[in-house]
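Structural overview for review
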Amino acid sequence: MIFDIILTMNLKSYIGDKFFYKQVASLAIPLSLQQLLGSAMEMIDSLMVSWIGMISAVGSASQIIIIASTITWGILSGTNIFASQFYGKKDHLYLKKVFGLSLCLTSINALFWISLISLFPEAVVRFYINDNEIIIHSIEYLNIARFTILLEAVSFTFSYHYRCVDKAALTLYVSIFSMLCNVVLNYIFIFGWGPIPSMNVSGAALATLLSHFFSILIYLIYGIKTKQPFFGSFHEMFSFHFDFIRHVLRRVYPLIINEALFGFGSSLIIKALGGLSRESLEAYYIGDQIAAFFSFIIWGFGGSVQLMLSYDLGKGNREQAIEKSRHFMGLALMLAIVLASLLAICSPFIMSFYNIQDEIIYASTKAILLVFCLKIAFRLFNFTIFSILRSGGDSRIISFLDAGIMYLIAIPLSFTSVYLFHIENVALVYLITQSEQVVRFILGIKRIHSGIWAKDLTNIE
């Protein structure tokens, strides 16, 4: 059955369709480049932090911020289904309301995590690592970085809605500006410059905070000046009737719950890896950061898949959306091979920029990067599957495929590998957990083949 489905993932009927490729490229390239810049910004952060010996401190502190950001992404990936379909239908009134509701939901999520960090900073960090020196520096970082959660949430909300109205190029330009700001401010605040003293890890947090603030200003000014279709009066954006909220949340809340569970589940795997040694955890953080740099193709391609299929479904072109989904999976096969090869070839070169003086950390990082090559290939496939399902609001099955499989397979395997079987090799432990990717792929591709996911969500009544 699975082999029959895989055989449908071909590009044969689209080989001569230049418009199809042009449409994919016009969305995927700006989204990929934007993600590349974001990943580059995070990598530069980690590189500069490695030069002051604070990778573990910032990595441990960032886990709670990553959970908050993951939930923000879940909210936006849900609400943007509606934004894309309403834009495809040219219903700008409800497009404005989706934007307003997105701002409300992402801000509420951000404020919750800011409050949690403010009330229990030590408990939050100690959950991941029990090293007093690292905890002190992690709390120092969080004192400023916690406010980044809100600014990042607002910035992401603007960015995602600009993409929905065919303004992906703008989000790319803003990302370039934000990255340059972050690099310059990182150097100034981390190491000190002129009258500005060295702030170490606090400087890294402040640089990221200001970069997001400037991004929001640009998005806001541009939206007002150009009268973007998702921009309106306060009443247009924030007056919601109950049927509208219920209709949207019915599709969105499974994604929010999924991302919350997935984000916390990912941190549980890190907690399991932390049971090995400090060196193992640092090797994971470096490997994860390098692999994340290459994930720009995954996010860019997946984003273009969701937008294109959402447009078709919003216009009522269900059969065309189903046909395109098969060809997107064919493209995903090609991109997965390219992406894994790029990571394998480039990772040793990128590692040389990190200040890794411990031979154990260096060897462990090289080994775990090989596992990330396998993971990133399957992750591209699975993210493409999720983007296809998400375009039609098939959120419940995504929750099972994503967080459900993580809790059923990856988390139990990580803890049993470390604490029951006492495997000490961090790369081997992480390889064992990645069996979840194969299960997701098999079940997800069956769901796509069924066509159940292809639904028009624009009818509020």
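Only a predicted model underlies this, so the values are computations on that prediction, with no experimental measurement involved.

**Re the overall build of the protein**
Counting its regular elements, the protein contains 18 helices and zero strands. Taking 2.2 N^0.38 as the reference for a compact globule, 461 residues should give roughly 23 Å; the C-alpha atoms of the protein span a radius of gyration of 22 Å, in line with that estimate. In terms of overall dimensions, the protein has C-alpha extents of about 60 × 55 × 40 Å along its principal axes. A burial count over the protein gives 58% of its 461 residues as buried.

**Quick word on helix α14 (residues 318–351)**
Across its 34 residues, α14 extends 46 Å between first and last C-alpha, which sits within 8% of the 50 Å expected from 1.5 Å per residue. Most pronounced at Ile 345, the bend in α14 amounts to some 35°, and the proline Pro 348 follows within four residues.

**Looking at the state of the cysteines**
Counted under the stated rule, the structure contains zero disulfides. Considering cysteine sulfurs only, Cys 164 is the nearest to Cys 104, which forms no disulfide, with 17 Å between them. Given the relative accessible area of 28%, Cys 104 is considered partly exposed.

**Looking at the packing of helix α8 (residues 168–191) against helix α9 (residues 200–226)**
When two helices pack together, their arrangement is captured by the angle between the axes and the distance separating the axes. Contact geometry of α8 with α9 gives a least axis separation of 8 Å together with a crossing angle of 150°. Viewed along their axes, α8 and α9 adopt a mutual orientation that is roughly antiparallel. The way α8 lies across α9 gives a crossing that is right-handed. Along the lines of polarity and charge, the residues of the contact of α8 with α9 split into 15 nonpolar, nine polar and no charged.

**Overview of the packing of aromatic side chains**
Tallied over the entire structure, the rule returns 31 aromatic pairs. Relative to Tyr 219, the ring of Phe 158 has its centre 6.1 Å away and its plane inclined at 10°; by these criteria the two rings are stacked. Of this pair, Phe 158 sits in helix α7 (residues 148–164) while Tyr 219 sits in helix α9, and the two are 61 residues apart along the sequence. The pair formed by Phe 158 and Tyr 219 is uniform in burial state, with each residue classed as buried. Among the aromatic residues, those joined into a ring-pair cluster are Phe 99, Phe 158, Tyr 162, Tyr 219, Tyr 222, Phe 230 and Phe 231. The ring of Tyr 160 is capped by Arg 163, whose NZ or CZ atom sits 4.5 Å from the centre of that ring.

**Looking at the pattern of salt bridges**
Considering all chains together, one arrives at nine salt bridges under this definition. One salt bridge connects Lys 324 with Asp 312, and the closest N-O pair in it is separated by 3.0 Å. Of this pair, Lys 324 sits in helix α14 while Asp 312 sits in helix α13 (residues 296–314); the two residues are 12 residues apart in sequence, bridging distant segments of the chain. Overall, Lys 324 belongs to the buried group, its relative accessible area being 5%. When its relative accessible area of 7% is taken as the criterion, Asp 312 is described as buried. If you follow the salt bridges from partner to partner, you end up with Arg 379, Asp 402, Glu 436 and Arg 440 in one network.

**Describing the nonpolar core**
Counting residues in each nonpolar core, the largest one holds 149 residues, and the members touching the most others are Tyr 141, Phe 158, Ile 290, Phe 328, Leu 343, Tyr 354 and Trp 453. Considering every element that reaches this core, the biggest residue donor is helix α3 (residues 55–89), with 16 residues. For Trp 453, the contacting residues outside a window of four places in its chain are Leu 309, Leu 313, Ala 321, Ile 322, Ser 325, Ile 388, Leu 389, Ser 391, Gly 392, Asp 394, Arg 447 and Ile 448.

**A word on the packing of α13 against helix α15 (residues 359–391)**
Orientation of α13 relative to α15, taken along the N-to-C sense of each, is 20°, at an axis distance of 8 Å. Judged by the angle between their axes, α13 and α15 are roughly parallel. Note that α13 runs across α15; the crossing there is right-handed. On the side of α13, the interface is formed by Ile 297, Ile 298, Trp 299, Phe 301, Gly 302, Gly 303, Val 305, Gln 306, Leu 309, Ser 310 and Leu 313, while α15 contributes Ile 376, Arg 379, Leu 380, Phe 383, Thr 384, Ser 387, Ile 388, Arg 390 and Ser 391. Partitioned by chemical class, the residues of the contact of α13 with α15 number 11 nonpolar, seven polar and two charged.

**Observations regarding the environment of Ala 68**
Within the secondary structure, Ala 68 is located in helix α3. Residues Ala 68 and Glu 152, spaced 84 residues apart in sequence, show a C-alpha to C-alpha distance of 9.9 Å.

Procedures and definitions
- Within each chain, residue numbers correspond to sequence positions counted from 1 in written order.
- Under the rules for a predicted model, residues below a pLDDT of 70 receive no local features and side-chain atom pairs below 80 are neither given nor counted, while totals for whole chains, interfaces and linings still include all residues.
- As a rule here, side-chain values come from all non-hydrogen atoms in the structure, and water together with hydrogens is ignored.
- A run of H or I in DSSP becomes a helix once it reaches four residues, and a run of E becomes a strand once it reaches two; helices and strands are each numbered from the N terminus.
- Note that the radius of gyration is over C-alpha atoms, with the globule rule given as 2.2 Å times the number of residues to the power 0.38.
- Exposure classes here rest on a 1.4 Å probe applied to the protein chains alone. A residue is buried below 20% of its type maximum, exposed above 50%, and partly exposed in between.
- The length a helix should cover is 1.5 Å for every residue beyond the first.
- Consider a residue and the seven residues that end there alongside the seven that start there; fitting an axis to each set, the bend is the angle between those axes.
- Any two cysteine sulfur atoms lying within 2.5 Å of each other are counted as a disulfide.
- Lines fitted to the C-alpha atoms define the axes, with helices restricted to the stretch that makes contact. Angles between their N-to-C directions range from 0 to 180 degrees.
- Any angle from 65 to 115 degrees is called roughly perpendicular, while one under 35 is roughly parallel, one over 145 is roughly antiparallel, and all others are oblique.
- The hand of a helix crossing depends on one turn: near helix anticlockwise from the far one by less than a right angle means left-handed, and clockwise means right-handed.
- Residue classes follow a fixed rule: Ala, Val, Leu, Ile, Met, Phe, Trp, Tyr, Cys and Pro count as nonpolar, while Asp, Glu, Lys and Arg count as charged, and any other residue, Gly among them, counts as polar.
- Classification of ring pairs rests on two measures: the distance between centres of Phe, Tyr or Trp rings, Trp counted by its six-membered ring, which must be within 6.5 Å, and the angle between planes, read as stacked under 30 degrees, edge-to-face over 60 and tilted in between.
- The criterion for a charge sitting over a ring is simple: Lys NZ or Arg CZ within 6 Å of the ring centre, and within 35 degrees of the ring normal.
- Throughout this description, the term salt bridge denotes a Lys or Arg side-chain nitrogen within 4 Å of a carboxyl oxygen of Asp or Glu.
- Residue types Ala, Val, Leu, Ile, Met, Phe, Trp, Tyr and Cys, when buried and joined through side-chain atoms within 4.5 Å, form a set referred to as a nonpolar core.
- Any pair of residues with heavy atoms lying within 4.5 Å of one another is described as a contacting pair.

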